Amino acid sequence: MSEHKRENFSSKLGIIVATAGSALGLGNIYRFPCEAGANGGGAFLIVYLCLALLIGTPLMISEFVIGRRSRSNPVGAFRRLAGKKNAWPVVGYMGVLCAFLILAFYTTVAGWTLGYLAKSVLNHFAGQDLPQIQQQFVDFTNHQWWPIVCQLVFLALTALVVARGVKDGIEKWSKVLMPLLLVIMFVLCVKSLTLSGAGEGLRFFFNPDFSKINGRVLISALGQSFFSLSIGMGALITYGSYIGKNDNMASSALGVVLADTLVAVLAGIVIFPAAFTFGIQPEAGASLAFTTLPMVFQQMSGGYVFCLMFFLLLVIATLTSTISLLEVIVAAFTEELQLSRPKSAWIGAAATAVIGVLATLSFRTGSPLHIGSSTVFDLLDHVTALYIMPIGGLLIVIFVGWRMKKADVMDELTNNGKLRAGIRNAIRLIIRYLAPVAIAVIFISQLIGK
Ligand code: TRP
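What comes next is a walk through the structure. Note that the coordinates shown come from a computational prediction; the quantities given were computed from them, not determined experimentally.

**Concerning the overall build of the chain**
When its secondary structure is counted, the chain shows 18 helices and two strands. What you see for the chain is a C-alpha radius of gyration of 21 Å, in line with the 22 Å of a compact globule of 450 residues. Expressed as lengths along the three principal axes of its C-alpha atoms, the size of the chain is roughly 60 × 50 × 45 Å. Counting the 450 residues in the chain, one finds 60% classified as buried.

Listed below in C-alpha cells is the structure:
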C-alpha cells in the first residue's frame, strides 16, 4: 500500500485515546487482580509498578518509534527498517501469531463479559448469596453453547469495527467511553472501601511481603505489564504507524502507562476488600472478578444500575482491546498479502474463532482439552504472556536501541528536533541498556528457577 493511502489518527488525543483503548481492558480488571491474588498481593503490586514504569514505558515508546518510522504493520516495519536480507521480520510474524493466540483466549473472557451484561440486564444477581453467585459462574462457563455464542458474537463485533478502519472505528469508540470507565471504577472503590473486610483487603494488596518476591512473581509481573499495556507483540507498532508526525510519543506513552496502571490499581482496591469481606480466596483465579463484583453491586443502593453500567463499559473497554489485537492481523494481511480490509478482518476473526472455541471449551469442568496439566485456555495465556511477549519485547528494545541508527531514533523521539533532546537521550539509554538487561535477566531467571 502506498504511504499516502495510509490512514492516520486524526489528533493528538487520537493516539492516546486509541492506545489507552487498547491497553485498558480485561487485563486490568480481570487478569491483574487474578495475577496479584496468585502472586502474593502487595509483593506483586510493587514489582508490577516498577516494571510497568521502567520497562513498559520505554518499550511502548520503542514500538511507537518503529511504527511511525516505518509507517507499516509489524512485519513490514522490520523489513523496511532493517533492510531485506535478515531475520528481523520474524519478530513481526511472531507478533501476528501472538495476536491470534491472545485474541483466541481473550475472547473467551470477552464473551463472559457479554454474558454478564445480559445477566445484569435480567437482574440475575439480585438477592443471591455467595454460593449462588459462584454457582452462576460455574453454570455459565459450563453451559453448552452460551459461552461460545457470546465469544463468536464478540469476535464478530470486533471484525465489524475493524473492517471499517482506524479513524471511524477505533478512535470514535474509545474517546467517550474510557473516561466513563474510570469514573465508575472510582465509584466502586468508594463502595468497596466501606465493606467490613476493607482493611484486610487493602493490607493484602498494599503491604508487600518482600520474602514472597521470587522468579515466578517477577516473570508474572513482567508478563502482566506487557499484557496490560499491549506491548511486546507489535500492537503498538501498528498503532504507532498511524501516529501523526507532530505527536509527542514519549509523553503519550507515559500518559497511557499511568492511566492503565491507575485502572489496574483501582480494580485491586475494588476487588480485594470485597474478596476478604465475602470470604472469597484472593487466589480464586478466573472467577475472582466475576464473583466479587456482583457481590459488591448487591451491597450498593442503585446496584442494579451500577452493575449494568459496569458490565456495559467493561464490554466496550474489552472491545477496544480486541480491536487493537485484530488490527495487527488486519494491517499485516492488507499490506503483506494485499487483501482488502474487510476481507482481512473477517478471515482473521474466523481463524481466531477456531482456536478460540477450543479455549472456551477447555474451561468446562472435566474438559479433556488439556495439554499436560493446563487447559488450552491457560496454555495460550502462559505461552503469550510468559514467553512470546517478553521475547518480542526484548527484541523490540534491542532493535530500537542497537539496530536502528541513533539519529533516526532521536528524530522520531524529538519530532525531527522540535522537542527537547535531553530527557529523550536518557530514554534511549534506558531502551539500549536497562530494558534489555532487565527483561533478559527476568526471563532467564525464571527458566533456571523451574
Ligand atoms: N492490554 C489489553 C488489556 O489489558 C489486552 C490487549 C490488547 C493486548 N492488545 C494487546 C495484550 C496486545 C497484549 C498485546 O486487556
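**Digging into the environment of Asn416**
Among the secondary structure elements, Asn416 is positioned in the loop between α17 (406-413) and α18 (422-449). Residue classification places Asn416 among the exposed positions, given a relative accessible area of 54%. Spatially, the C-alpha atoms of Asn416 and Asn246 are 9.3 Å apart, while their sequence positions differ by 170 residues.

**Quick word on the pattern of salt bridges**
What the rule picks out here adds up to seven salt bridges. In this structure, the salt-bridge partner of Arg79 is Glu336, at a minimum N-O distance of 2.6 Å. Of this pair, Arg79 sits in helix α4 (residues 74-82) while Glu336 sits in helix α14 (residues 303-336), and the two are 257 residues apart along the sequence. The closest approach of N and O atoms between Lys212 and Asp209, which form a salt bridge, is 4.0 Å. It is possible to trace a salt-bridge network through shared partners that takes in Arg68, Arg69, Asp408 and Glu412.

**Structural notes on the site of the ligand**
Taken together, the neighbourhood of the ligand is formed by 17 residues, with Ala23, Gly27, Tyr106, Phe227 and Ser230 sitting nearest. One of the backbone N or O atoms of Phe227 is found 2.8 Å from a nitrogen atom in the ligand. Interatomic distance of 3.0 Å between a side-chain N/O atom of Ser324 and a nitrogen atom of the ligand. Notes on the ligand: free accessible area 360 Å², of which the protein chains cover 100%. Secondary structure elements with two or more residues in the shell around the ligand: α1 (12-23), α2 (26-38), α5 (89-121), α10 (215-229) and α14. The residue makeup of the shell around the ligand, split by class, is nine nonpolar, eight polar and no charged.

**Some thoughts on the packing of α5 against helix α7 (residues 146-164)**
In the contact formed by α5 and α7, the axes pass within 7 Å of each other and the chain directions differ by 105 degrees. With respect to α7, the element α5 is oriented roughly perpendicular. Mapping the contact onto sequence places Leu103, Ala104, Thr107, Thr108, Ala110, Gly111, Thr113, Leu114 and Gly115 in α5 and Cys150, Gln151, Val153, Phe154 and Leu155 in α7. Residues of the contact of α5 with α7, tallied by class, amount to eight nonpolar, six polar and no charged.

**Comments concerning the side chain of Thr107**
Turning to its location among the elements, Thr107 is positioned in helix α5. Judged by relative accessible area, Thr107 falls into the buried class, the value being 0%. Thr107 has contacts with Gln151, Leu155 and Thr322, leaving out every residue within four places of it along the chain.

**A look at a nonpolar patch on the surface**
A surface patch of nonpolar side chains, amounting to about 640 Å² of accessible area, comprises Trp145, Trp146, Val149, Val153, Leu157, Leu160 and Trp346. Per element, the largest residue contribution to the nonpolar patch is five residues, and it comes from α7. Along the chain, the position of Val153 falls in helix α7.

**Quick word on the packing of aromatic side chains**
All told, the structure shown has 32 aromatic pairs when counted by the stated rule. Residues Phe105 and Phe377 carry aromatic rings whose centres are separated by 5.7 Å and whose planes lie at 80 degrees to one another, so their mutual orientation is edge-to-face. You can see Phe105 sitting in helix α5 and its partner Phe377 sitting in helix α16 (residues 376-403), a full 272 residues away along the chain. Phe377 carries the same exposure label as Phe105, and that label is buried.

**Observations concerning helix α15 (residues 341-362)**
For α15, spanning 22 residues, the distance from its first C-alpha to its last is 32 Å, which sits close to the expected 32 Å at 1.5 Å a residue. Every buried residue of α15 is accounted for by Arg341, Ser344, Ala345, Gly348, Ala349, Thr352, Ala353, Gly356, Val357, Ala359, Thr360 and Ser362. Where α15 begins, the side chain of Ser340 points an oxygen toward the backbone nitrogen of Lys343, at a separation of 3.2 Å.

**Details of α5**
Look at α5: 47 Å from first C-alpha to last across 33 residues, which is about the 48 Å you get at 1.5 Å a residue. Most pronounced at Thr107, the bend in α5 amounts to some 30 degrees. Taking burial as the measure, the 33 residues of α5 include 27 buried ones, the bulk of the element. A positive phi of about 60 degrees marks Asn123, the residue just after α5.

**Structural notes on unusual backbone geometry**
In the Ramachandran plot, Gln338 falls in the positive-phi region, its phi being about 55 degrees despite a non-glycine side chain. For Gln338, a relative accessible area of 57% puts it in the exposed group. Phi at Asn416 is positive, roughly 55 degrees, even though this residue is not glycine.

**A word on the environment of Tyr106**
Among the structural elements, Tyr106 can be located in helix α5. Exposure remark for Tyr106: the relative accessible area of 5% places this residue in the buried category. Separated by 254 residues in sequence, Tyr106 and Thr360 have C-alpha atoms that sit 9.7 Å apart. For Tyr106, the residues in contact, after removing those within four places along its chain, are Gly25, Leu26, Gly27, Phe227, Thr318, Ser321, Thr322 and Leu325. In this structure the side chain of Tyr106 is engaged in a polar contact, spanning 3.0 Å, whose partner is the backbone nitrogen of Leu26.

**Notes on the environment of Phe333**
Along the polypeptide, Phe333 turns up in helix α14. Since its relative accessible area comes to 15%, Phe333 is described here as buried. When the C-alpha positions of Phe333 and Val75 are compared, they lie 9.9 Å apart, and in sequence the two are 258 residues distant. Setting aside chain neighbours within four positions, we find Phe333 in contact with Phe100, Gln338, Leu339, Ser344, Ile347 and Gly348.

Definitions and cut-offs
- Residues numbered from 1 in each chain as written.
- Predicted model: local features only at pLDDT ≥ 70, side-chain atom pairs only at ≥ 80, totals over all residues.
- Heavy atoms only, no water.
- Helix = DSSP H or I, 4+ residues; strand = E, 2+ residues; numbered from the N terminus.
- Rg over C-alpha atoms; globule rule 2.2 N^0.38 Å.
- Buried < 20%, exposed > 50% of the residue type's maximum accessible area, 1.4 Å probe, protein only.
- Salt bridge = Lys/Arg side-chain N within 4 Å of Asp/Glu carboxyl O.
- Near = heavy atom within 4 Å.
- Polar contact = N/O pair within 3.5 Å; in protein donor to acceptor, adjacent residues only side chain to side chain.
- Areas by Shrake-Rupley, 256 points an atom, 1.4 Å probe, with all protein chains shown as cover.
- Nonpolar A, V, L, I, M, F, W, Y, C, P; charged D, E, K, R; others polar.
- Axes fitted to C-alpha atoms, helices over the stretch in contact; angles between N-to-C directions.
- Parallel < 35°, antiparallel > 145°, perpendicular 65-115°, else oblique.
- Contact = heavy atoms within 4.5 Å.
- Patch = residues over 30% accessible without salt bridge, like charges linked within 9 Å, V, L, I, M, F, W, Y side chains within 5 Å.
- Phe/Tyr/Trp six-rings, centres within 6.5 Å; stacked < 30°, edge-to-face > 60°.
- Expected span 1.5 Å × (residues − 1).
- Bend = angle between axes of the 7 residues up to and from the residue.

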